[in-house]
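Observations on chain architecture
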Amino acid sequence: MIRKTLLALALIASLAGTGHAVAGSFLDRPTPPTAAELGLSPAQAAEWQAIQADAKALRSATLEQVKTELDRTQAALAEPDADLAAIGQEYQSIAFAALLEQRQLRNRRLAFYESLNPDQQARVRAFLIEVSERAERAIRAFEVLQGG
């Protein structure tokens, strides 16, 4: 259970970070379209930039929490009476908190998307297709690494 949690968090961290340096271009995050590419008004551009900044901050904060917890995990596992359940719970807490924040961010993104005109929505969907294709490749590579 702890191993699966750690593997899941490692995958999340690699997808959240600059995966290119670690695992190759298939984990490199595609760049979201710019406000100019989407043809946004100044008000829409400000909201788009705020959403992108918040998403980046969430990825960075989650990665930092995982890094900090890994240090604690190593120290805890070196002890003969290591509490594996508590170690696993810490990672689950990090994942749960990240999911809650991600849900709020997703709701903001959906509301923003709904405010766009059909052409702008099509450009966002094209970006999301690229993201999903990259995620699919990353999952396949992860499965290969796991021997599956």
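Residues numbered from 1 in each chain as written. Predicted model: local features only at pLDDT ≥ 70, side-chain atom pairs only at ≥ 80, totals over all residues. Heavy atoms only, no water.

For the pair helix α4 (residues 42–77) and helix α5 (residues 84–114), the least separation of the axes is 11 Å and the interaxial angle reads 175°. In terms of orientation, α4 and α5 fall into the roughly antiparallel class. Looking at the contact of α4 with α5 residue by residue, the class counts come to 16 nonpolar, six polar and seven charged. (Axes fitted to C-alpha atoms, helices over the stretch in contact; angles between N-to-C directions. Helix = DSSP H or I, 4+ residues; strand = E, 2+ residues; numbered from the N terminus. Parallel < 35°, antiparallel > 145°, perpendicular 65-115°, else oblique. Nonpolar A, V, L, I, M, F, W, Y, C, P; charged D, E, K, R; others polar.)

Before going further, it helps to spend a moment on the side chain of T62. Along the chain, T62 falls in helix α4. A relative accessible area of 10% means that T62 is categorised as buried. Residues contacting T62, with those up to four places away along its chain left out, are I94 and A98. (Buried < 20%, exposed > 50% of the residue type's maximum accessible area, 1.4 Å probe, protein only. Contact = heavy atoms within 4.5 Å.)

The next subject is the nonpolar core. If you look at soluble globular proteins, the nonpolar side chains tend to sit buried side by side. Judged by nonpolar contacts, the single largest core of 13 residues is most densely connected at L40, W48, F112 and L116. Within the residue set of this core, elements represented by two or more residues are α3 (35–38), α4 and α5. Every residue in contact with L116, bar those within four places of it in the chain, is listed here: L40, Q44, Q121 and V124. (Core = buried A, V, L, I, M, F, W, Y, C linked by side-chain atoms within 4.5 Å.)

A separate point is α5. Taking 1.5 Å of rise per residue, the 31 residues of α5 would be expected to cover 45 Å, and the 45 Å separating its terminal C-alpha atoms lies within 8% of that figure. Within α5, burial applies to I87, G88, Y91, I94, A98, L105, F112 and Y113. (Expected span 1.5 Å × (residues − 1).)

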